[in-house]
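What follows is the residue order along each chain.
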Amino acid sequence: VQLQASGGGLVPAGGSLRLSCAASGRTFSTYVMSWFRQAPGKEREFVAAANGDNRDTYYADIAKGRFTISRDSAQNTVYLQMNSLKPEDTAAYYCAADRGIRAQVAARKRIHDYWGQGTLVTVSS
């Protein structure tokens, strides 16, 4: 499985962005897909995760009420809709894929089955 994240950019505070992570392979639906982020000088942190049918989702507190994770199985793509963005949301955002676990477990993993390159989100104040 190869993961390709996109959709990052510069947005003013209060704005919105939708990140995409396209996955290769035919078994996309069997993977829990997650979003993580890492700001300069800070540790990586979990953002959101969703299982194959999007029924099992899990969000970090920093994402609840503002971010929504969703999946399009036909496109083998997972999205992260980010609303009400804040300057502290500035970070490189990464997607990850893990097989055979729940979304909440994926949130705690340090090493993932597959890891994509980041897409940079910058929120100006």
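The preceding data block contains the structure.
Along each chain, residues carry numbers from 1 onward, in the same order as the chain's sequence is written. Totals for whole chains, interfaces and linings use every residue, but because this is a predicted model, local features are given only for residues with pLDDT of at least 70 and side-chain atom pairs only at 80 or more, for both listing and counting. Side-chain calculation: all heavy atoms of the structure are included, whereas hydrogens and water are not.

S.K.: So what's going on with the pattern of salt bridges? Which residues, and what values?
M.R.: The term salt bridge refers to a side-chain nitrogen of Lys or Arg lying within 4 Å of a carboxyl oxygen of Asp or Glu. Summed over all chains, the structure comprises 8 salt bridges. As a salt-bridge pair, Arg102 and Asp56 come within 3.4 Å of each other at their nearest N and O atoms. Of the two residues, Arg102 sits in the loop between strand S9 (91-99) and helix H1 (103-108) while Asp56 sits in the loop between strand S5 (45-50) and strand S6 (57-59), which places them 46 residues apart along the sequence. The buried label goes to any residue with under 20% of its type's maximum accessible area, the exposed label to any with over 50%, and the partly exposed label to all in between, with areas taken from a 1.4 Å probe on protein chains only. For Arg102, a relative accessible area of 54% translates into the label exposed. In this structure, the salt-bridge partner of Arg66 is Asp89, at a minimum N-O distance of 2.7 Å. Think of it this way: any DSSP run of H or I at least four residues long counts as a helix, any run of E at least two long counts as a strand, and we number them from the N terminus.

S.K.: Which residues make up the packing of aromatic side chains, and what values go with them?
M.R.: Any two rings among Phe, Tyr and Trp, with Trp reduced to its six-membered ring, count as a pair given centres within 6.5 Å; such a pair is stacked if its planes are under 30 degrees apart, edge-to-face if over 60, and tilted if neither. As enumerated under the stated definition, the model contains 5 aromatic pairs in all. Pairing Phe36 with Phe46 gives two aromatic rings, centres 5.5 Å apart and planes at 70°, and the pair type is edge-to-face. Here Phe46 lies in strand S5 and Phe36 lies in strand S4 (residues 31-38), a separation of 10 residues in the sequence. Judged by relative accessible area, which is 2%, Phe36 ranks as buried. Seen in terms of ring centroids, Phe36 and Trp115 are 5.7 Å apart; in terms of plane orientation they differ by 50°. Their pairing is tilted.

S.K.: How would you explain the side chain of Ser20 if you had to name every residue and give the values?
M.R.: Turning to its location among the elements, Ser20 is positioned in strand S3 (residues 17-23). Judged by its relative accessible area of 16%, Ser20 is buried. Throughout, a residue-residue contact means that at least one pair of heavy atoms, one from each residue, lies within 4.5 Å. Those residues in contact with Ser20 that sit more than four places away from it in its chain are Gln4, Ala5, Ser6, Trp35, Thr77, Val78 and Tyr79.

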